Amino acid sequence: MRYFRTILISSCVLFFSAACGFGEITPDEALSKFAAAGTAYKEGKYEDAAKLYNDILEGGRESGAIYYNLGNVYYKMGNAGKTVLSYARAGQLIPRDRDLNFNDRYVLSKIDRHREENRGFPEGMINRHIQFYTRDEMVMIMTCLVFAMGILFLLSLYFHWPRSVARGMIVFLLFVFAAYAVGLAVKVQSEKGLAVAVAVGDAYFEPREDSTVHFKLPEGAKATILKSEGSWLKIRRWDGKVGWALRKNLSLVSKNLQ
Amino acid sequence: MNGVMVEKLIQLTYVYFFGALVLLSASAFAQDVQIEARVSADKTVLGSTINFSITVHGRQDVAPPSLPPMTGLDVQYLGPATRFTMVNGQTSSSKTFNYSLLPRQEGTFQIPSIEVNILGQVYRTQPISIEVTAASNAGNTVAQSRPASLKDKMYIILKTSKQDVYLNERLPIKAFLFWTGLDVEKCENPKLDDVGFMTEDFTNQGWSQQIVNGVAYKVIEFDSAIYPMRTGTLTLGPIRIKCLGLFKVAGAGSSLGDWEDAFFGGMLDQRERKLLTLESQPVTFNVLPLPAEGKPAGFSGAVGTYDFNISVSPLEVKEGDPITLRMTIIGDGNLSALTMPSLSADDNFKLYEPQIYQKDNIKKLEQVIIPKSDQVTGVPEIRFSYFDPPLKQYRTITRGPFPIKVTKLDKEQGLQVVGMDDEPKPITPEVLGQDIVFIKTNPGELQIIGQHVYKRMSFYLIIVPAVIMWLGVFVYYKRTHRIKTDIVYARRLQAPRQAKRGLTRARHSIATGEKEEFYDAVFKTLQQYLGNKFHLSLGAVTFETVRAKLRRNNMDTKIIDDLKLTFEECDMVRYASANISQESMRAGYQRLARIIDHLERHLK
């Protein structure tokens with residue numbers, strides 16, 4: 001009984017801690033800085049705005065709107081690489097936001113990167129589908145599908161549904177679940193290594209600056225990181241070309257993996 | 001004179017001429033190198049500078065010597081000056097390096113011996129001592145208890161109006177520049193590092209005079225305000241200000257001497273401009289977080305005392321006509337960072353991008369809205385919430401709703417194009433610019449970086465109980481379904497419950513002493529229990545049938561013997577009316593309970 005009480009209290013503390021989150025910056029402070037950054041942006045003080053948005057991120061809190069606004073700030077400052085990077089990060093949190101999608105397409109078209117997004121069938125179609133949801137949304141959908149299958153199963157037992165009907169529905173849901181599971185795995189894998197070039201550079205055949213240049217890596221170009229060796233990264237471009245680029249020219253889209 | 005002699009004469013002339021040149025050069029080269037240091041005055045007052053020079057005689061190709069740091073003196077290199085003279089065939093050359101020394105405090109200071117390296121040889125100047133005294137101040141009746149410094153003559157202090165302030169609350173600050181005993185030609189507005197807060201620009205409030213410790217100072221006041229952006233103990237400052245001061249050069253007075261002083265009062269004194277940077281002491285203050293209790297929904301971070309008003313016009317429109325919504329917020333808070341309240345987007349109004357203006361302590365918003373149908377009856381209420389620091393509580397000002405009347409357009413009215421000619425005019429295409437969409441004013445849901453839903457404890461605290469509940473429901477269904485469909489299982493399941501009821505009845509019979517009742521209960525309990533356990537009808541439950549089954553289940557022989565004894569006892573009482581004592585009844589009860597308990601534990 002004594003241990004049960006201890007376990008119960010510890011579980012409650014853990015639950016509320018997890019629910020509240022121990023970020024360094026409080027939501028009020030983040031709100032305050034967000035408003036100040038918006039004011040700075042309206043006044044044309046883009047560097048101040050960038051600093052305030054980055055303060056919130058360094059304080060451990062993020063939101064799609066913060067990355068979106070940061071992308072706008074970098075665009076105004078003329079930094080194409082960081083603009084694309086910020087929009088990509090925003091896209092992981094608010095993928096269906098119209099303003100974000102418009103700005104992203106606009107910026108990519110301006111730096112001639114839009115062709116990289118228009119991949120053919122079926123790769124492009126699959127990519128568009130998995131980018132439609134955030135990771136959390138996919139997990140919640142899969143969880144709801146599992147619960148739906150469980151509830152359907154119990155209902156079919158209690159109300160004596162015909163087996164074929166029950167089976168059909170559960171198999172259908174299982175198929176949808178499997179599709180989402182695969183999609184989530186693909187999404188996690190693709191986001192894990194996704195990087196954006198924040199500075200102009202080259203990709204070489206070998207991890208040496210004196211080796212032959214394989215292809216150019218302009219600002220804002222997206223690539224997938226395959227391997228890491230010291231200050232070099234092995235990357236794959238959108239068209240499948242593989243080369244070695246300097247780590248300092250690339251930045252990972254998933255912040256928590258840096 | 002023949003040609004040979006003339007030629008020889010010319011040769012001799014060349015020899016003598018070049019020889020003289022060589023001798024002259026040699027005399028120059030043979031000049032001794034000497035070095036000396038000199039000051040324009042060895043006594044001066046605080047606020048005046050001294051000229052210090054190092055002269056190298058005999059050489060001009062010398063680099064400026066670097067002076068070591070001197071405590072209490074600011075050193076500024078002014079530049080070199082060279083000189084070449086020839087007197088009575090004697091030449092001399094020298095190079096002088098000039099420095100300006102500004103004493104920072106009263107006292108006696110030593111200019112150390114300066115080393116000058118010339119062609120590998122080190123020459124040293126003699127050290128010089130200078131005395132700095134405080135300038136005499138009229139009306140200064142307070143004796144200086146410590147040596148005066150330039151900091152006593154000119155300094156800046158920073159003050160805040162209070163020590164504790166809320167997050168984003170306006171905190172007025174003042175900077176005071178004090179100076180005495182010297183002239184300040186001009187000074188910039190103070191500068192403050194704004195780490196952790198927003199600042200307003202400093203405004204010059206004019207100058208005044210103040211007496212501090214018996215000394216008359218001129219004072220300039222600068223006013224500003226800050227808005228702290230984070231909680232905790234923050235440090236404000238130090239504040240920095242650059243001033244152009246005018247300093248007298250000691251010992252460099254007019255050549256007219258006392259006569260000049262008498263008539264011109266020192267106006268012809270040589271003065272030097274020096275840029276001074278003053279720094280104040282930092283000030284700490286506490287920034288309190290906004291209370292969580294009582295925070296209204298829709299609170300967007302406004303802190304201060306505000307007034308909020310809305311006007312809507314016109315109040316009667318036709319369908320499709322615009323209405324202008326005007327909001328005004330007047331207050332003493334951070335209006336630049338304040339988010340204006342907005343009409344929530346709904347199906348009743350089409351909303352256009354608002355125009356926002358701000359001047360001083362007033363912020364205005366104008367927005368065009370169009371009712372979508374004639375069913376719209378009013379503009380809904382709009383709320384503005386803020387935290388009032390003097391009252392230490394949240395306040396919400398609600399304005400509206402504003403009733404409006406929307407008249408339906410008649411079908412005949414429709415849209416009329418006015419001024420349309422018969423001949424169609426060519427439409428020139430609009431040339432539009434392209435740009436990115438504006439930033440978002442709402443930060444949305446702020447989450448901890450990297451904390452996905454599946455990494456949160458709360459996710460599992462919901463999932464796990466749900467799974468357990470599902471398992472419980474499933475197991476319950478299975479059990480009840482089996483009970484309904486599997487009679488054998490159902491009978492075996494109810495066997496112990498029925499046995500328990502039988503034992504209770506038997507125990508009751510022992511208490512009342514009714515032996516027929518007791519053995520009847522014992523027999524029926526045993527019959528039902530064994531019938532349920534082995535799926536036998538009640539009539540088929542005899543010792544022989546049960547014994548066979550018990551043996552097949554490898555039951556303990558003692559239990560079988562107990563069972564036999566119990567059956568025999570029951571038969572004896574039921575059919576032979578045997579006389580059984582209370583003790584036997586109790587023993588019989590214990591035996592029965594033992595049998596049932598053993599069979600429950602060992603019979604699968």
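Within each chain, residues carry numbers counting from 1 in the order of the written sequence. Just so you know, chain letters begin at A and ligand numbers begin at 1, following the order they were written in. The model is predicted, so local features are restricted to residues of pLDDT at least 70 and side-chain atom pairs to those at 80 or more, both for listing and for counting; the totals for chains, interfaces and linings are taken over all residues. With hydrogens and water set aside, each side-chain value is computed from the structure's full complement of heavy atoms.

Visitor: What's the story with the nonpolar core in this structure? I'm lost.
Guide: Inside soluble globular proteins, nonpolar side chains tend to come together where they are buried. With 38 residues, the main nonpolar core has Tyr53 and Ile66 of chain A together with Ile436 of chain B as its most contacted residues. Secondary structure elements are defined from DSSP: runs of H or I of at least 4 residues count as helices, runs of E of at least 2 residues count as strands, and each element is numbered from the N terminus. For this core, the secondary structure elements donating two or more residues are helix 2 (27-42), helix 3 (46-58), helix 4 (64-76), helix 5 (80-93) and helix 6 (98-110) of chain A. When residues of this core are assigned to their parent elements, the largest contribution, eight residues, is made by helix 4 of chain A. Any pair of residues with heavy atoms lying within 4.5 Å of one another is described as a contacting pair. Among all residues touching Ile66 of chain A, those that are not within four sequence positions of it are Phe34, Tyr53, Ile56 and Leu57 of chain A together with Leu446 of chain B. For this analysis, a nonpolar core means a set of buried residues of the types Ala, Val, Leu, Ile, Met, Phe, Trp, Tyr and Cys, connected via side-chain atoms within 4.5 Å. Exposure is judged per residue with a 1.4 Å probe applied to protein chains only, and the accessible area is read against the type maximum: over 50% gives exposed, under 20% gives buried, and values in between give partly exposed.

Visitor: What should I look at first to understand the pattern of salt bridges in this one?
Guide: Should their charged atoms come close, side chains of opposite charge can pair. Salt bridge criterion: a side-chain nitrogen from Lys or Arg within 4 Å of a carboxyl oxygen from Asp or Glu. Following the criterion strictly, the structure yields 37 salt bridges over all chains and no others. Glu169 of chain B is the partner of Lys162 of chain B in a salt bridge, and the nearest nitrogen-oxygen pair spans 2.5 Å. Three or more residues are tied together by salt bridges with common partners; here these are Lys33, Lys51 and Asp55 of chain A.

Visitor: Please explain the sheet that holds strand 9 (residues 128-133) of chain B as it appears in this structure.
Guide: Backbone hydrogen bonds are what pair the strands of a sheet, in a parallel or an antiparallel way. All names here are of chain B. Following DSSP output, two strands are said to pair if at least two bridges run between them. Taken together, the three strands give an open sheet; going across it, the order is 2-9-6, and neighbouring strands pair in mixed fashion. Two strands close off the open sheet at either side, each with one partner strand: strand 2 (43-45) and strand 6 (107-111). Across the sheet, the mean angle separating the axes of adjacent strands is 30 degrees when strand polarity is ignored. Sheet topology places strand 2 next to strand 9; three bridges connect them, and they run parallel. Counted as the bridge partner of Lys43 is Glu131 from strand 9. Note on geometry: axes are C-alpha line fits, over the in-contact stretch for helices, and angles between N-to-C directions span 0 to 180 degrees.

Visitor: Help me understand the sheet that holds strand 17 (residues 232-236) of chain B in this model?
Guide: All names here are of chain B. Strand order in the open sheet formed by three strands is 11-20-17, with mixed pairing between adjacent strands. Each having just a single partner strand, strand 11 (164-166) and strand 17 make up the two edges of the open sheet. Pairs of neighbouring strands in the sheet enclose a mean axial angle of 40 degrees, with direction left out of account. Taken together, the three bridges between strand 11 and strand 20 (residues 283-288) define a ladder with parallel strand orientation. Looking at strand 20, one finds that Asp164 is bridged to Asn286.

Visitor: Quick question: what am I supposed to make of the packing of helix 7 (residues 543-552) of chain B against helix 8 (residues 557-576) of chain B here?
Guide: The packing of two helices is summarised by the inter-axis angle and the distance between the axes. All names here are of chain B. Interhelical geometry of helix 7 versus helix 8 gives an angle of 170 degrees and a closest axis separation of 11 Å. Classed by the angle they form, the pair helix 7 and helix 8 counts as roughly antiparallel. Where helix 7 abuts helix 8, its residues Phe543, Val546, Arg547, Leu550 and Arg551 lie against Ile560, Leu563, Lys564 and Phe567. Angles are sorted into four bins: roughly parallel if under 35 degrees, roughly antiparallel if over 145, roughly perpendicular if 65 to 115, and oblique for all others.

Visitor: What's the story with helix 8 of chain B in this structure? I'm lost.
Guide: Residue and element names in this part refer to chain B. Expected helix span is computed as 1.5 Å times (number of residues minus one). The terminal C-alpha atoms of helix 8, which comprises 20 residues, lie 27 Å apart, in line with the 28 Å expected from a rise of 1.5 Å per residue. Listed as buried for helix 8 are Ile559, Ile560, Asp562, Leu563, Thr566, Phe567, Glu569, Cys570 and Val573. Residues of helix 8 that are buried sit in contact with helix 6 (515-534), helix 7 and helix 9 (582-602). Once helix 8 ends, the next one or two residues include Ser577, with phi positive near 50 degrees.

Visitor: How do you make sense of the confidence of the model for chain A when you look at a structure like this?
Guide: Should the pLDDT be low somewhere, the predicted coordinates at that spot are not to be read in detail. The predicted model of chain A averages 85 in pLDDT, with 84% of residues at 70 or higher. Taken element by element, chain A is modelled with least confidence in helix 7 (residues 114-117) of chain A, mean pLDDT 54, and with most confidence in helix 4 of chain A, mean pLDDT 96. A residue's pLDDT is simply how confident the predictor is in it, with values from 0 to 100.

Visitor: For this particular structure, what's the right way to read the environment of Pro103 of chain B?
Guide: Residues and elements named next belong to chain B. Examined against the element boundaries, Pro103 turns out to sit in strand 5 (residues 90-103). Judged by relative accessible area, which is 0%, Pro103 ranks as buried. When the C-alpha atoms of Pro103 and Thr133 are compared, they prove to be 9.7 Å apart, with 30 residues separating the residues in sequence. Non-local contacts of Pro103, meaning those with residues more than four positions away in its chain, are made with Thr44, Leu46, Ser48, Gly72, Leu73 and Val132.

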